Every structure is written in structure tokens, then in C-alpha cells.
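Fold and geometry: a report
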Amino acid sequence: MSRDLRLLSLGVAVCGTLLVASTAQATHAWNGYHWARSANPFTVTFGNNLTPDWSPYLTTAASDWSVTSGACNNPQNPIRATVIAGNAKSRNCRPGTGVVEVCNASYGNTGWLGIATIWVSGTHITKGSVKLNDYYMNSPPYNTAAWHSAVLDQETGHTLGLAHQDENFNNPDLLDACGRGSCMDYSADPTNNTTPNQHDYDELVIIYSSHLDAGPVAAAATSADEGADLTDQSAWGRAVRFAEGRPVLYERAVGPNEKVFTWVIWTR
């Protein structure tokens, strides 16, 4: 084999190794947090407390996270998301056990587009809420279908146990084999990042294939959690994860083995 051919073969091998490594590193489970359930697939319930302009996006998000068929999806996806009438007030968006309440309101000049608040007991998710801030989402550049879908799909994705695939707004989109970006990938232009992609479905399979549970886990009632204004950053606890120098995940202990986490997507 000539020297040129040997170099070419080495280059191909290295490129192939890098591609495999890139795929292998696309794991974005969030510290093992998951919904307790006795079988797969299982249902995650989203409570619709949204105004009519937002409601179709929640319907689409529930459908997006429940996909099992088609190219670049995963037929073993354990999630079956359903939408029911909400039972929360739009400002505090307080959920009951076993439900993710989804709300929108003009929460003010807070700096955040959306937040996902997730209650956990041990490693089990017990309930959650998603808040969408119309103070920003009703104005350019965020008043587009792409931004609405990207923010809502990402925040609901956190309530399933997913972290981000990537946290650099200026990186190229992380595409699956079908050329789809991911809602769990930060992007300055979310046009190609409005839905989950194959890496998200694969990660959900990994998270929920590790074991089954006896059944759902109820959220503990703790006085430390009662009355807190969870739209206010001061109630989120300590920052435990950062992206581009800004905190994107907060943790607040509210009882023995009980925590409340808040994922944040900030304005650019």
C-alpha cells in the first residue's frame, strides 16, 4: 500500500472513530431522575392551563414525545404523553402529584422564556410544572412558531428526565440520521430544533429500561415548599448547572430526600 493510501485509510479510520464517539457521547439523562412506573410504556399527563394560542403547541409536544414509529424514531420509546384539562392557576401553576401542569402568563421582565419545575423524591419525579413567559414570547424574536415549539418541547422534555444535548447556542445543530435537530439542543435559531430527535428517544429508552418500580411515588407535603413563588429566581435555591456562564438548573431541598429542581431557558 502506498504512503498516500495508508494516510487516506488512517484518516477514514480516525473520522469514523470520531463519528462513533460523537454519537456515544450524546447521552443526556439527568442524574437518573425518572417517573416511577410498574410497566413500560407509561403515561405522563400534561395539564393544559394555556390560552388558546398556546394550546396547540402543547398538543403537538405531547404527540412529539410519544412518537414510536417512523424513520429515526425508537419503537421502544416508553413515553405516552396525554393532555387533560389543567387544574392550576396560571401564575403559580402548582401541580398535584403525578401531573405536569403547563401554564402561560406575562410573568414580567424576569429574563427567562420558560421554566420547568420538577419535584423529586429520591430519584423519582413526582410532579412538575412548565411556565411560559408571554412577556417575551409575545414579542420578536420569540413570537414565532419555532420558538414556541422549541421552548415548550424542551421544558416538557425536562419533566421526563432529560437534560440538554448541547448547551452552546452557537454550535451547529446536533442532527440525527434523518437530519433533524433536537429541542434539547440550545440554538440561536430554533427553526430546526422544534421537536425531539432520535437521540432524545434513545435516551428515554435508556433511562426507563434500567428498572421498573412498584408504582407511582407520591410527592411529600413539606412546609418548606408551601407558599414559595416559584416564578421568582430567589425561590429556586442554589444553581447547580451552568451554560455559557449562566445558571440553567437550580436545586432546592424541601424535606428529607425531597427536592425541587428548576430548569431555565433564558432570553438571548
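Treat the numbers as computed from the prediction; the structure is a model and nothing was measured.

This brings us to the side chain of Asp 153. Mapped onto the secondary structure, Asp 153 falls in helix α4 (residues 145-158). Here Asp 153 sits buried without a salt bridge, and the closest side chain of opposite charge, Arg 180, lies 10 Å off (N-O distance). Those residues in contact with Asp 153 that lie beyond four places of it in its chain are Ala 61, Asp 64, Trp 65, Cys 183, Met 184, Thr 194, Thr 195 and Pro 196.

Within this structure, the stated rule accounts for two disulfides. The disulfide partner of Cys 72 is Cys 178, and the gap between their sulfur atoms is 1.9 Å. Because the sign of the S-S torsion sets the handedness, a value of about 85° for the bond joining Cys 72 and Cys 178 places this disulfide among the right-handed ones. Taken together, the positions of Cys 72 in the loop between α2 (55-65) and β3 (79-85) and Cys 178 in the loop between α4 and α5 (198-209) put the pair 106 residues apart, joining distant regions of the chain. Take Cys 72: its relative accessible area is 13%, and that puts it in the buried class. Linked covalently through their sulfurs, Cys 93 and Cys 103 form a disulfide whose S-S length is 2.0 Å.

This part is about the packing of aromatic side chains. Under the criterion given, the structure shown has twelve aromatic pairs. A centroid spacing of 4.9 Å and a plane angle of 50° characterise the contact between Phe 42 and Tyr 208, whose relative ring orientation is tilted. Pair noted here: Phe 42 is in strand β2 (residues 42-49) and Tyr 208 is in helix α5, with a separation of 166 residues, a long-range link. What makes Phe 42 buried here is its relative accessible area of 9%.

Along α2, the residues classified as buried are Ser 55, Leu 58, Ala 61, Ala 62, Asp 64 and Trp 65. At its buried positions, α2 is contacted by β2, β3, β4 (99-105), α4 and α5.

Our focus in this paragraph is unusual backbone geometry. Residue Pro 41 is bonded to the preceding Asn 40 through a cis peptide linkage, with omega at -5°. Tracing the backbone through its elements, the reader meets Pro 41 in the loop between β1 (34-35) and β2. The linkage connecting Pro 140 with the following residue, Pro 141, adopts the cis geometry, with an omega of 0°. Along the polypeptide, Pro 141 turns up in the loop between α3 (134-137) and α4. The phi angle at Glu 244 is positive, at roughly 55°, despite the residue not being glycine. Judged by relative accessible area, Glu 244 falls into the partly exposed class, the value being 43%. Even without glycine at this site, Asn 257 takes up a positive phi of about 65°.

What follows covers empty space enclosed by the protein. Using the criterion set out here, one finds two cavities of 30 Å³ or more in the structure. Looking at the largest cavity, its volume works out to about 70 Å³. Trp 147, Ala 150, Gln 154, Phe 169, Cys 183, Asp 185, Tyr 186, Ser 187, Pro 190, Asn 193 and Ile 265 together form the lining of the largest cavity. Among the elements that line the lining of the largest cavity, the one with the most residues is α4, at three residues. Its residues placed into classes, the lining of the largest cavity shows seven nonpolar, three polar and one charged.

Note that Lys 259 resides in strand β9 (residues 258-266). A relative accessible area of 29% means that Lys 259 is categorised as partly exposed. Between the C-alpha atom of Lys 259 and that of Gly 237, which follows or precedes it by 22 residues, the distance is 9.9 Å. Each residue touching Lys 259, except ones within four places of it in the same chain, is listed here: Ile 118, Trp 119, Val 120, Glu 251, Arg 252, Ala 253 and Val 254.

Among the nonpolar cores identified, the biggest contains 45 residues, and Ile 79 and Val 102 are the most heavily contacted of them. Formed by eleven residues, the second largest nonpolar core is a distinct cluster that contains Cys 103, Trp 112, Ile 115 and Tyr 250.

Quick look at α5 now. The first and last C-alpha atoms of α5 sit 16 Å apart over twelve residues, in line with the 16 Å expected at 1.5 Å per residue. Three or more residues of α5 are buried, namely His 199, Asp 200, Tyr 201, Glu 203, Leu 204, Val 205, Ile 207 and Tyr 208. The N-cap residue of α5 is Asn 197: its side-chain oxygen and the backbone nitrogen of His 199 are 3.1 Å apart.

Rules and cut-offs
- Residues numbered from 1 in each chain as written.
- Predicted model: local features only at pLDDT ≥ 70, side-chain atom pairs only at ≥ 80, totals over all residues.
- Heavy atoms only, no water.
- Helix = DSSP H or I, 4+ residues; strand = E, 2+ residues; numbered from the N terminus.
- Buried < 20%, exposed > 50% of the residue type's maximum accessible area, 1.4 Å probe, protein only.
- Lys, Arg positive; Asp, Glu negative; His and termini not counted.
- Salt bridge = Lys/Arg side-chain N within 4 Å of Asp/Glu carboxyl O.
- Contact = heavy atoms within 4.5 Å.
- Disulfide = S-S within 2.5 Å.
- Phe/Tyr/Trp six-rings, centres within 6.5 Å; stacked < 30°, edge-to-face > 60°.
- 1 Å grid on protein atoms, 1.4 Å probe; cavity = no way out; pocket = protein on both sides within 12 Å on 5 of 7 lines; lining within 4 Å.
- Points joined across faces, edges and corners; volume = space filled by probe spheres on them.
- Nonpolar A, V, L, I, M, F, W, Y, C, P; charged D, E, K, R; others polar.
- Core = buried A, V, L, I, M, F, W, Y, C linked by side-chain atoms within 4.5 Å.
- Expected span 1.5 Å × (residues − 1).
- Polar contact = N/O pair within 3.5 Å; in protein donor to acceptor, adjacent residues only side chain to side chain.

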